[in-house]
Amino acid sequence: MKVYKAQVLTYCLMRNFAGSDILSTKDLTREEIEFILSRAEEFLPVARKQKTLNLMEGVVLAALFYEPSTRTRLSFETAMLRLGGKVLNVIGLDNSSVKKGETLYDTGKMVDGYADVIAMRHPAVGSVKELADGAGIPVINGGDGTGEHPTQALLDALTMKLERGGIDGLKIALVGDLKNGRTVHSLAFLLSRFKVQLILVSPKQLGVPEEVKEFLHFSGIGFEETESLEDALKVADVVYMTRIQKERFADPAEYERLKDVFVLDRALMEKTGSKATVMHPLPRVGEINNDMDDLANAAYFRQAQNGIALRMALLALVLGR
Ligand code: NCD
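Residues numbered from 1 in each chain as written. Predicted model: local features only at pLDDT ≥ 70, side-chain atom pairs only at ≥ 80, totals over all residues. Heavy atoms only, no water.

1. Some points on the site of the ligand
Right, so step 1: All residues in the neighbourhood of the ligand are listed as Arg71, Thr72, Arg121, His149, Gln152, Arg182, Thr183, Arg243, Gln245, Pro281, Leu282 and Pro283.
Right, so step 2: Separating an oxygen atom of the ligand from a side-chain N or O atom of Arg121 is a distance of 3.0 Å.
Right, so step 3: A distance of 2.7 Å separates an oxygen atom of the ligand from a polar atom in the side chain of Arg243.
Right, so step 4: Protein burial of the ligand: of its 320 Å² of free accessible surface, 94% is covered by the chains.
Right, so step 5: Put simply, the parts of the chain that give the shell around the ligand at least two residues each are α3 (71–82) and α7 (182–191).
Right, so step 6: The residue makeup of the shell around the ligand, split by class, is three nonpolar, five polar and four charged.
Right, so step 7: Per-domain counts for the shell around the ligand show at least three residues from each of domain 1 (25–148 + 305–318) and domain 2 (150–301). (Near = heavy atom within 4 Å. Polar contact = N/O pair within 3.5 Å; in protein donor to acceptor, adjacent residues only side chain to side chain. Areas by Shrake-Rupley, 256 points an atom, 1.4 Å probe, with all protein chains shown as cover. Helix = DSSP H or I, 4+ residues; strand = E, 2+ residues; numbered from the N terminus. Nonpolar A, V, L, I, M, F, W, Y, C, P; charged D, E, K, R; others polar. Domains from an automatic or database assignment.)

So, in structure tokens, the structure goes:
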């Protein structure tokens, strides 16, 4: 009976990823996150071009990107190509039948017959789930509007692990447009599985959605909200900068008012004595000055690089390889 209970527990904590969709970090247990990160670390030499691995021969990824992307689409594509697979691309709503009125559910059913796995980005919250409901093959959320961006959060966690040696015990400041920034939502859900303290730094009107706060409360994660980047820098181990999400603003004047609200530069690091690891999902549009780039703890370009290994690991897991 004891063995049986232990098996049930293991099953609950760690699913078999083969055939799974990756839609939200809310769905991932701590054990699953740690497992994905350790698989990603194994792929680092391949991602860094130090080793070749032909794991995906004959496998096709459909990259359906209905909203602008550089890093996410290219790193999914690079991950698949470097593992010996192939990639089909749809770039932009204008170039797809979604424009003609096809439902995402139908697109999912159709792409199922063309590819083995789908990575998708779309401007509407919940859109990736809608397509996944139609597709029988695994679907990975590459960003659904202001909703979530789970693969970014996983590569952020991988970066924290690589840069800081682990995630437990960190004091992490999430800075910028916490309302519209989907990377922040997914990262907050993910971090709530660890023993961290969060400092949420944003203008009042761009604070994290209630749903995220409730999740943090429910998970027992301590967090404080502030409008002062300077105060956060004095205590944070990791500073996760984000851009103000221009495309989500109904009023352009409001964006103009808020866009430069937080700018991190070397002078501010020196003034606050901050030794924090500086991260950013990128693209940056002024919120991290270029004079930061030579600092040893400026991790944002390494972070983008880590996305390849992380996506290799996820593709391998959902394809059961
Ligand atoms: C992020 C996104 O698309 O949400 N970019 C990315 O995927 N690295 C962040 C952003 O656009 O601000």
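Structure's up, so let's keep going.
2. Here's the deal with the packing of α7 against helix α8 (residues 210–219)
Right, so step 1: Two elements in contact, α7 and α8, have axes separated by 9 Å at closest approach and are oriented at 10 degrees. Taken together, the axes of α7 and α8 are roughly parallel relative to one another. On the side of α7, the interface is formed by His185, Ala188 and Phe189, while α8 contributes Glu211, Val212, Phe215 and Leu216.
Right, so step 2: A class-by-class count of the residues in the contact of α7 with α8 yields five nonpolar, one polar and one charged. (Axes fitted to C-alpha atoms, helices over the stretch in contact; angles between N-to-C directions. Parallel < 35°, antiparallel > 145°, perpendicular 65-115°, else oblique. Contact = heavy atoms within 4.5 Å.)

3. Details of α8
Given 3.6 residues per helical turn, the α-helix brings residues three or four places apart onto the same face.
Right, so step 1: Of the positions making up α8, those classed as buried are Val212, Lys213, Phe215 and Leu216. Angularly, the buried residues of α8 cover 160 degrees about the axis, an arc narrow enough to put them on a single face. Opposite the buried face of α8, at more than 90 degrees from it, the exposed residues are Glu210, Glu214, His217 and Phe218.
Right, so step 2: On the buried face of α8, the contacting elements are α7, β6 (197–201) and β7 (222–226).
Right, so step 3: Directly beyond the C-terminal end of α8, a positive phi value near 75 degrees is found at Gly220. (Buried < 20%, exposed > 50% of the residue type's maximum accessible area, 1.4 Å probe, protein only. Arc of directions from axis to C-beta.)

4. A word on the sheet that holds β7
Right, so step 1: Taken in spatial order, the five strands of this open sheet run β7-β6-β5-β8-β9, and their pairing is parallel. The open sheet is flanked by β7 and β9 (277–279), the only strands paired with a single partner. Adjacent strand axes in the sheet meet at a mean angle of 20 degrees, parallel and antiparallel pairs treated alike.
Right, so step 2: Along the sheet face, helix α6 (residues 150–164) touches β5 (171–175), β8 (238–241) and β9 and points at about 160 degrees away from the line of β9. (Pairing = 2+ DSSP bridges.)

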